[in-house]
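Structural characterization, general
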Amino acid sequence: MSTTETNRYLEGNFAPVTEEVTAFDLEVTGEIPTELAGRLLRIGPNPVVPEDPATYHWFTGDGMVHGVRIRDGRAEWYRNRFVRSDRVTEALGEPPIEGPRHGMGDGANTNVISLAGRTYALVEAGPVPVELTYELETACRSNFGGTLDGSFTAHPHADPVTGELHAVTYYWQWDHLRYVVVGADGLVRKTVHVPVPGRPMVHDCAITETQVLLFDLPVTFNLDAAMNGVRLPYLWDEGYAARVGLLPRDGEAGDVVWCELDRPCFVYHPLNAYDLPDGRVVVDVIRHPKMFATDLQGPNEGPPSLWRWTLDPASGRVKEEQLDDRAQEFPRLDERRTGRRHRFGYGTTLGAGVEHGPTIKHDLDAGTAELHHYGPGRVSLEPVFVARSDDAAEDDGWVMSYVYDAATDRSDVVILAAQDFTGEPLATIHLPRRVPFGFHGNWVPDA
Ligand SMILES: [Fe+2]
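Summarised in this report is the structure supplied together with it. Remember, it's a predicted structure, so these values are computed and weren't measured experimentally. (Residues numbered from 1 in each chain as written. Predicted model: local features only at pLDDT ≥ 70, side-chain atom pairs only at ≥ 80, totals over all residues.)

**Brief notes about the overall build of the chain**
As a reminder of what qualifies: Under the scheme used here, helices are H or I runs from DSSP no shorter than 4 residues and strands are E runs no shorter than 2 residues, and both carry numbers assigned from the N terminus. Values of the radius of gyration come from C-alpha atoms, whereas the globule rule sets the reference at 2.2 Å times the count of residues to the power 0.38. Neighbour density around each residue's C-beta defines its exposure: 20 or more other C-beta atoms within 10 Å make it buried, 12 or fewer make it exposed, and counts between make it partly exposed, where C-beta atoms are placed from the backbone.
Of the regular secondary structure elements, the chain holds 2 helices and 33 strands. Radius of gyration (C-alpha) of the chain: 20 Å, near the 22 Å computed for a compact globule of 447 residues. Viewed in the frame of its principal axes, the chain has a C-alpha envelope of about 55 × 50 × 45 Å. By the burial criterion, 49% of the 447 residues in the chain qualify as buried.

Right, dumping it as structure tokens:
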């Protein structure tokens, strides 16, 4: 293990911003598609008080949410707000936020979604969701009206037909993972406890039309590390079997079929999964060769790249093939294809370590990929695909990204035509400040 006096996650565009800003009528270059009406939200860690570079872990910073409101071809506002936890309200001299609790923390920094007309900031491994207002103020902590028992996840996946959210949750005191289904009404309607041998970190899941995929991989809770004050006490666990479980969406714990991987690895994010007619399941993932083996400040153990895994429940094995060897992360989909066979995917390329780069668009049928370069010193955070209309073809829409410009130390929201991915942006929305590198976000159309 190495500790250093420097920490890249507190420097450059990883460094936190200190002010909460509200800006109206943002300057736009080009033309925003008039079909777009809603908010482009994103969230990431943004420590409210100075952190010790020797011990800070990127995943543990206080959450800050950013949003741009778009309507009638105009960018009406930009806002950024700390997600209020006890630590944040204390630092800001505000009264504490109300609502149920679970685990030791009460913040959320990893994803921001819309569910049943409400906006939620999400995190995994303990704390409950935090409900935000339309204008991104913290409203309350929420366990979905008392229906969520414990931890949630930052990566629930909505079935495009039913609108239900499918999630896999975990907590260091649990000897099992939980498959949680949240109805389109925002209430949990099903929970399945699936025993696992360790206490794995399970950042995300995937669904097909019939199955949910459980990633049981060799990064596990380490009690010694926790006792020694390691901020994120989940470490590479040499010898812990790497496997993916197939749980029928309508099944129970005893129905899980585990498929073993030949080599250990770690996955934060699948791009998507789908059923094959013969019962096998395909899942495309961003595969990291290791995780938290040597670097305890952030996810930096060799380049992550795009792989296709074919899970065979008959043999219990996984066929692995690399689809693209470039370093990349934050894979996104035309989410009308969630759980169904997809052709396209979008993501962010990475340079050395976790340095961000151009966006990438994959055509997985053609076996090709394109890069969109935003210009010198301009790099993309996670891109989001937005369909032109409900019945548009896959990939017929826009790729929207928060883009950081090192020369001006400010950020833009850039809107690309997905089908003219390398062409000039349709619109560049100029923000009054920079948006730090962070985790995830979504386009939330107005109801
Ligand atoms: Fe994530």
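**Points about unusual backbone geometry**
Positive phi, close to 55 degrees, is recorded for D72, a residue that is not glycine. Not every positive phi belongs to a glycine, and A125 is a case in point at roughly 70 degrees. Mapped onto the elements, A125 comes out in the loop between strand 7 (118-122) and strand 8 (130-132).

**Concerning the sheet that holds strand 6 (residues 111-115)**
For clarity, the cut-off: Only when DSSP finds a minimum of two bridges between them are two strands counted as paired. In this analysis an axis means a line fitted to C-alpha atoms, helices contributing only their contacting stretch, and an angle means the value between N-to-C directions, from 0 to 180 degrees.
Taken together, the 4 strands give an open sheet; going across it, the order is 6-7-8-9, and neighbouring strands pair in antiparallel fashion. Looking at the sheet topology across the chains shown, the edges are occupied by strand 6 and strand 9 (138-141). Across the sheet, the axes of successive neighbouring strands diverge by a mean angle of 30 degrees, strand direction being ignored. As paired strands, strand 8 and strand 9 are joined by 3 bridges and run antiparallel to one another. Along strand 9, the bridge assignment pairs E131 with C140.

**Notes on the pairing of strand 25 (residues 344-350)**
Along strand 25, 7 of the 7 residues are buried, which leaves the element largely enclosed by surrounding structure. Bridge count between strand 25 and strand 26 (residues 356-363): 6 bridges; the pairing is antiparallel. Its bridge partner being in strand 26, G347 is matched across the sheet by I360. Two successive antiparallel strands, strand 25 and strand 26, enclose a turn made up of 5 residues, where G353 displays a positive phi of approximately 65 degrees.

**Quick word on the sheet that holds strand 1 (residues 22-24)**
Judged by pairing direction, the sheet is antiparallel, and its 5 strands sit side by side in the order 1-5-4-3-33 without closing on themselves. Edge positions in the sheet fall to strand 1 and strand 33 (440-445), since each has one partner strand and no second. The average undirected angle you get between the axes of adjacent strands in this sheet is 10 degrees. Here strand 1 runs beside strand 5 (residues 74-82); their pairing, made up of 3 bridges, is antiparallel. Bridging across to strand 5, F24 finds its partner in W77.

**Let's talk about the nonpolar core**
The line we're drawing: Among buried residues, those of type Ala, Val, Leu, Ile, Met, Phe, Trp, Tyr and Cys that are joined through C-beta atoms within 7 Å form a set called a nonpolar core. Working definition of a contact: two residues with C-beta atoms, positioned from the backbone, lying within 7 Å.
Counting 116 residues, the largest nonpolar core has V65, A121, C205, L213, L214 and V413 as the members making the most contacts within it. Once you skip the residues sitting within four places of it in the chain, L214 turns out to touch V168, L177, V194, C205, V244, G245, L247 and V256.

**Concerning the pairing of strand 5**
Pairing of strand 4 (residues 63-71) with strand 5 involves 8 bridges; the strand directions are antiparallel. By the bridge assignment for strand 5, H66 is matched with N80. As consecutive antiparallel partners, strand 4 and strand 5 are separated by 2 residues, and within that stretch D72 has a phi angle of approximately 55 degrees, a positive value.

**Focus: the environment of V17**
Looking at the element boundaries, V17 is found in the segment before strand 1. Residue class for V17 comes out partly exposed when judged on the 15 C-beta atoms lying within 10 Å of it. Residues V17 and Y134 lie 117 residues apart in sequence; the distance between their C-alpha atoms is 21 Å. Apart from residues lying up to four places away in sequence, V17 is in contact with N46, R433, R434 and P436.

**Considerations on the environment of A352**
Within the secondary structure, A352 sits in the loop between strand 25 and strand 26. Spatially, the C-alpha atom of A352 lies 9.2 Å from that of N300, the residues being 52 residues apart in sequence.

**Observations regarding the environment of L115**
Structurally, L115 can be placed in strand 6. Separated by 70 residues in the primary sequence, L115 and D185 have C-alpha atoms spaced 7.9 Å apart. If sequence neighbours within four positions are ignored, L115 has contacts with Y120, L165, V182 and G186.

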